Every structure is written in C-alpha cells, then in structure tokens.
Amino acid sequence: GQGDSISINEILQLLGIEQANLRRLPERPGEPLETRADVHKAAELLGWHPVVSFVDGLQRMIADQDYWQGARVWTYEESVEAQRIWYACFGKSLK
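As the structure is a prediction and not an experimental result, all values here were calculated from the model.

**Points about the overall build of the protein chain**
- When helices and strands are counted, the protein chain shows 5 helices and 0 strands.
- Counting from the amino terminus, helix and strand elements in the protein chain follow one another as α-α-α-α-α.
- Relative to its length of 95 residues, the protein chain is extended, with a C-alpha radius of gyration of 18 Å against a globular reference of 12 Å.
- Projecting the C-alpha coordinates of the protein chain onto the three principal axes gives extents of approximately 50 × 35 × 35 Å.

Take a look at the structure:
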C-alpha cells in the first residue's frame, strides 16, 4: 500500500502466468475498476511508512512459498477467538 496501483495483468506477468491461457469474466456491477491503499493516516498516527514495495513483497512471498506451504490454517472458531482477544486489547468486544 504505497498509493500506487498495479494491474492484474502486471501481477500475472510477475507470476509468469501466460494471459493467453486465462478466461476473462465480465466486470461485476458495482466493483471498482481500480483501488489504491492510502497509508497517510497510518503515517500520521503511527509514524508507519511502507518499506517493501508490492513487487518486492510478491517476489519475497514467491521465494518463501515452500516455507509457508506447510503453515497451519486456523479454523473459523480459532479465528473468531483470536479476533475476540485482539478487540479486548482495545477495550472493545467482537460483535
């Protein structure tokens, strides 16, 4: 989220996926054609600034995919419990 946008076509190219092998679906009504992350509030409130670009992050994920492939996936119940704990840290409850 550095305020830049990247197209699906660019992501496919980075992943080495041939676009000719893809089937295009029609656009869904109401879906935005482009989105951008705005990190100004995080920078203002937390002093946080992105240090890894989308492309670098994607390349890191690809390079580390063997490491993450065996990662445990949470069940729905575990996910809800983790959210409850997280919300409690801020004095709020999960609705």
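There is more to say after this.
**Some points on the confidence of the model for the protein chain**
- This prediction gives the protein chain a mean pLDDT of 86; 97% of its residues lie at or above 70.
- In the model of the protein chain, helix α4 (residues 65–69) stands out as the element of lowest mean pLDDT, 85, in contrast to helix α5 (residues 76–89), which has the highest, 92.

**A look at a nonpolar patch on the surface**
- Nonpolar side chains collect at one region of the surface, where Leu15, Ile17, Leu22 and Ile62 lie side by side and expose about 290 Å² of accessible area between them.
- Relative to the helices and strands, leucine 15 is located in helix α1 (residues 8–15).
- Looking at leucine 15, the relative accessible area reads 39%, which means it is partly exposed.

**Points about the pattern of salt bridges**
- Evaluated as defined, the whole model comprises 2 salt bridges.
- The closest approach of N and O atoms between glutamate 31 and arginine 28, which form a salt bridge, is 2.6 Å.
- Ionic pairing is found between glutamate 78 and arginine 72, a salt bridge with its closest N-O pair at 2.2 Å.
- Since its relative accessible area comes to 30%, glutamate 78 is described here as partly exposed.

**Details of the packing of aromatic side chains**
- Within the structure shown, the criterion is met by 2 aromatic pairs.
- Between tyrosine 67 and tryptophan 68, the aromatic rings sit 4.8 Å apart at their centres with planes inclined by 85°, giving edge-to-face as the arrangement.
- Judged by its relative accessible area of 62%, tyrosine 67 falls in the exposed class.
- For tryptophan 68, a relative accessible area of 53% gives the class exposed.
- When the centroid spacing of 5.0 Å and the interplanar angle of 70° are considered together, the rings of tryptophan 86 and phenylalanine 90 count as edge-to-face.

**What to know about the packing of α1 against helix α3 (residues 54–63)**
- Between α1 and α3, the shortest axis-to-axis distance is 11 Å and the interhelical angle comes to 40°. As summarised for this structure, α1 and α3 are arranged oblique, according to the angle between their axes. Classified by chirality, the crossing of α3 by α1 is right-handed. Residues Ile11, Leu14 and Leu15 of α1 pack against Phe54, Val55, Leu58 and Ile62 of α3.

**Quick word on α5**
- Across its 14 residues, α5 extends 20 Å between first and last C-alpha, which sits within 8% of the 20 Å expected from 1.5 Å per residue.
- Looking one or two residues beyond α5, the residue adopting positive phi is glycine 91, at roughly 70°.

Criteria and cut-off values
Residues numbered from 1 in each chain as written. Predicted model: local features only at pLDDT ≥ 70, side-chain atom pairs only at ≥ 80, totals over all residues. Heavy atoms only, no water. Helix = DSSP H or I, 4+ residues; strand = E, 2+ residues; numbered from the N terminus. Rg over C-alpha atoms; globule rule 2.2 N^0.38 Å. pLDDT = per-residue confidence, 0-100. Patch = residues over 30% accessible without salt bridge, like charges linked within 9 Å, V, L, I, M, F, W, Y side chains within 5 Å. Areas by Shrake-Rupley, 256 points an atom, 1.4 Å probe, with all protein chains shown as cover. Salt bridge = Lys/Arg side-chain N within 4 Å of Asp/Glu carboxyl O. Buried < 20%, exposed > 50% of the residue type's maximum accessible area, 1.4 Å probe, protein only. Phe/Tyr/Trp six-rings, centres within 6.5 Å; stacked < 30°, edge-to-face > 60°. Axes fitted to C-alpha atoms, helices over the stretch in contact; angles between N-to-C directions. Parallel < 35°, antiparallel > 145°, perpendicular 65-115°, else oblique. Left-handed = near helix turned anticlockwise from the far one by under 90°. Contact = heavy atoms within 4.5 Å. Expected span 1.5 Å × (residues − 1).

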